[in-house]
Amino acid sequence: MGAMTEWWLDFQDTFYRCFIEDDRWKYLVRGLGNTLLITFFALILGVVIGVVVAMVRASYDKNKDETRPGFGRWLLGFFNGLCKIYLTVIRGTPVVVQLLLGVFAILLFLGNDVVIACIVFGVNSGAYVAEIIRSGIMSIDEGQFEAGRSLGFNYIQTMRYIIIPQAFKNVLPALANEFIVLIKETSVAGYAGIIDLTKGGDIIRGRTFEAFMPLIAVAAIYLVLVVFFTWLVGKLERRLRSSER
Amino acid sequence: MSDNVLIRVSGLCKHFAGGDVKALNGVSAEIRKGEVVVVIGPSGSGKSTFLRCLNLLERPTAGTITFNGADITDPKVDINIHRQKMGMVFQHFNLFPHMTILENMTLAPMKLLGKTREAAESKAMALLDRVGLADRAKAYPSQLSGGQKQRIAIVRALCMEPEVMLFDEPTSALDPEMVGEVLEVMKDLAHEGMTMVVVTHEMGFAREVGSRVIFMDGGVIVEENEPQQLFEHPQSERLQSFLAKVL
């Protein structure tokens, strides 16, 4: 009984030093805010880049044999080449290196580390999202495409009204996974001095010399976030699917 | 007379796989307004390719297609405008699974013809009523039978008020008991004077509804005649042997 009481007192003391003293809990809140902010804008940017890159890549693959030589074909080939380089570079280098390059060199002129992180993680995520969406576009039956074109829709309209909505629905689980990876991936933001959730916990560790409690708290918050978003996406998925049953 | 010609095809060739496969080898034909032209032939004869070339779903390797006096094989022509006037019905229906029946039918008229939702929906409902599917307007394609899907596919194309309807084996993917309901809709359409080009294996339909039947084999038109003449007095040996097998 005595040991139990002692442990409990010890726990209270540690908890106090980690979170209450000097309002240290604010590190976590502020960090969580940055983590969510970076994830949110990176997600939006990633999806926008991903859709555009996927459309260029899929259009090139679909029309390779059909379009006749000319400026349009050359342009599409050019953009396809650019997209391929983008995919290769982004997927071939670690995100931490990309972040450091962004914060300390390439995007230095922007002056705001959080904004830079949003861009870096967005550009990084875009490469993975592009391949996910491309696989979704390629999975749609060619007949859907022909039906759209035969009604008089042009290529872009057919993509927009008919192909992309179906492709998006098909790849939603993979996209959700990418989103969850992204939440956790932003935890390297501290490398560039950005105070995200992980960095917030780590600062508390540095101040209190307590490693376990602040980091467990950080882990728990990530876990709650991921579980919550997984549940949310599952709901969205069921809602989209219901139309096809 | 030539005013009457809606589609004129001349010297149409389509080669696949870099010229190794010659699906069409110089096909020339005319489709006149109000005509129901039925294209028959063994599989691999090029009849589907011929039909798909008419609205440039397949780009011809050589030859020209004139629709309403415009050469649509000319790269400078905006094919999308012409496709609005050429309805197409596919073997596998190709309804949009993520939209309701009504949305399937109103999408193109609203986005391409600039119709208001009310106008597009009232037109769609009138057509649905005609094919006896008005009660399924809010359903999704997956909730329909094959025959119902194909009837929807037909009226979806009709929503664009096309000048010609192209049918690519519209009953080939259907259970036998559903073939009749689809042919019935097509028959009605023909009686209303719609210009139709129909690739099919339904010889009964060809004989009964067709104003002209084209028999294709090996990528060329082998024989072309009124249905009665063609079926009862086939001239070429190939048509004779084909008919002996299918009739």
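## A word on the overall build of chain B
Along the backbone of chain B there are 9 helices and 10 strands. What you see for chain B is a C-alpha radius of gyration of 18 Å, in line with the 18 Å of a compact globule of 247 residues. Dimensions of chain B along its principal axes, counting C-alpha atoms only, are 55 × 45 × 40 Å. Within chain B, buried positions represent 54% of all 247 residues.

## Overview of the side chain of T49(B)
Turning to its location among the elements, T49(B) is positioned in helix α1 (residues 47-54). With near-sequence residues (within four places) excluded, T49(B) lies in contact with K14(B), F16(B), A23(B) and L24(B).

## Notes on the nonpolar core
Ranked by size, the top nonpolar core spans 56 residues in total, and within it I137(A), I7(B) and F50(B) carry the most contacts. The biggest single contributor to this core is helix α7 (residues 155-185) of chain A, with 9 residues. Setting aside residues no more than four positions away along its own chain, I137(A) makes contact with A54(A), M55(A), A58(A), K62(A), M159(A), I163(A), I164(A) and A167(A). In terms of nonpolar packing, the next biggest core, distinct from the first, is built from 49 residues, V89(B), A139(B), V182(B) and A206(B) among them.

## Some points on the environment of E210(A)
Residues and elements named next belong to chain A. With respect to the secondary-structure elements, E210 resides in the loop between α8 (197-208) and α9 (212-241). As a C-alpha pair, E210 and T14 span 196 residues in sequence and 7.6 Å in three-dimensional space. Leaving out residues up to four positions away in the same chain, E210 has contacts with T14, R17, C18 and R205.

## Quick notes on the packing of helix α2 (residues 25-63) of chain A against helix α5 (residues 113-139) of chain A
All names here are of chain A. The geometry of α2 relative to α5 is characterised by a closest axis approach of 4 Å and an angle of 40 degrees between their N-to-C directions. Taken as axis vectors, α2 and α5 run oblique relative to one another. Where α2 crosses over α5, the two elements pack in a sense that is right-handed. Of the residues contributing to the contact of α2 with α5, the split by class is 23 nonpolar, 6 polar and 5 charged.

## Points about empty space enclosed by the protein
Applying the stated criterion to the full structure yields 2 cavities of 30 Å³ or more. In this structure, the largest cavity spans a volume of roughly 50 Å³. Along the walls of the largest cavity sit S150(A), L151(A), R83(B), Q84(B), M86(B), G87(B), M88(B), A157(B) and M160(B), which together make up its complete lining. When contributions to the lining of the largest cavity are tallied by element, the ones reaching two or more residues are α6 (142-151) of chain A together with β6 (86-89) of chain B. By residue number, the principal contributor to the lining of the largest cavity is β6(B), which donates 3 residues. Of the residues assigned to the lining of the largest cavity, the class counts are 5 nonpolar, 3 polar and 1 charged. Its boundaries defined by the atoms lining it, the second largest cavity holds a volume of some 30 Å³. Lining the second largest cavity, in full, are A147(A), S150(A), L151(A), M88(B), F90(B), A153(B), R156(B) and A157(B). Within the residue set of the lining of the second largest cavity, elements represented by two or more residues are α6 of chain A together with α5 (146-158) of chain B.

## Description of the interface of chain A and chain B
Listed per partner, the contact involves 23 residues of chain A and 29 residues of chain B. When chain A packs against chain B, close to 2200 Å² is buried across both sides, 56% of that on carbon and sulfur atoms. Across the pair R52(B) and E146(A) runs a salt bridge whose closest N-O atoms are separated by 2.7 Å. Counting residues per element, the ones that place at least two in the side of chain A that touches chain B are α6 and α7 of chain A. Element by element, the count of residues in the side of chain A that touches chain B is highest for α6(A), at 8 residues. Within the side of chain A that touches chain B, the residues separate by chemical class into 6 nonpolar, 9 polar and 8 charged.

## Some remarks on the layout of surface pockets
Residue and element names in this part refer to chain A. Its boundaries defined by the atoms lining it, the second largest pocket holds a volume of some 310 Å³. Along its surface, the second largest pocket is lined by 13 residues, and L43, L172, F179, V233 and L236 are the ones closest to its centre. Looking at the lining of the second largest pocket, the elements with two or more residues in it are α2, α7 and α9. Per-element tally for the lining of the second largest pocket: the top contributor is α7, with 6 residues. Grouping the amino acids of the lining of the second largest pocket by side-chain chemistry returns 12 nonpolar, no polar and 1 charged.

## Section: the sheet that holds strand β1 (residues 5-16) of chain B
All names here are of chain B. With respect to topology, 4 strands assemble into an open sheet ordered β2-β1-β4-β5, the strand pairing being antiparallel. The open sheet has two free edges, formed respectively by β2 (21-32) and β5 (70-71), since each of these has just one partner strand. Where β1 and strand β4 (residues 62-67) come together, 5 bridges link them in antiparallel fashion. Looking at β4, one finds that I7 is bridged to F67. Relative to β1, α1 is tilted by about 120 degrees, and along the sheet it contacts β1, β2 and β4.

## Side note on the environment of F205(B)
Residues and elements named next belong to chain B. Here F205 shows up in helix α7 (residues 203-209). Judged by its relative accessible area of 3%, F205 falls in the buried class. Once residues within four sequence positions are removed from consideration, F205 is found in contact with V38, L183, M186, K187, M196, V198 and G210.

Rules behind the numbers
- Residues numbered from 1 in each chain as written.
- Chains lettered and ligands numbered in written order.
- Predicted model: local features only at pLDDT ≥ 70, side-chain atom pairs only at ≥ 80, totals over all residues.
- Heavy atoms only, no water.
- Helix = DSSP H or I, 4+ residues; strand = E, 2+ residues; numbered from the N terminus.
- Rg over C-alpha atoms; globule rule 2.2 N^0.38 Å.
- Buried < 20%, exposed > 50% of the residue type's maximum accessible area, 1.4 Å probe, protein only.
- Contact = heavy atoms within 4.5 Å.
- Core = buried A, V, L, I, M, F, W, Y, C linked by side-chain atoms within 4.5 Å.
- Axes fitted to C-alpha atoms, helices over the stretch in contact; angles between N-to-C directions.
- Parallel < 35°, antiparallel > 145°, perpendicular 65-115°, else oblique.
- Left-handed = near helix turned anticlockwise from the far one by under 90°.
- Nonpolar A, V, L, I, M, F, W, Y, C, P; charged D, E, K, R; others polar.
- 1 Å grid on protein atoms, 1.4 Å probe; cavity = no way out; pocket = protein on both sides within 12 Å on 5 of 7 lines; lining within 4 Å.
- Points joined across faces, edges and corners; volume = space filled by probe spheres on them.
- Buried area = accessible area lost by both parts, 1.4 Å probe.
- Salt bridge = Lys/Arg side-chain N within 4 Å of Asp/Glu carboxyl O.
- Pairing = 2+ DSSP bridges.

Don't take any of this as a statement about function, it's just geometry.
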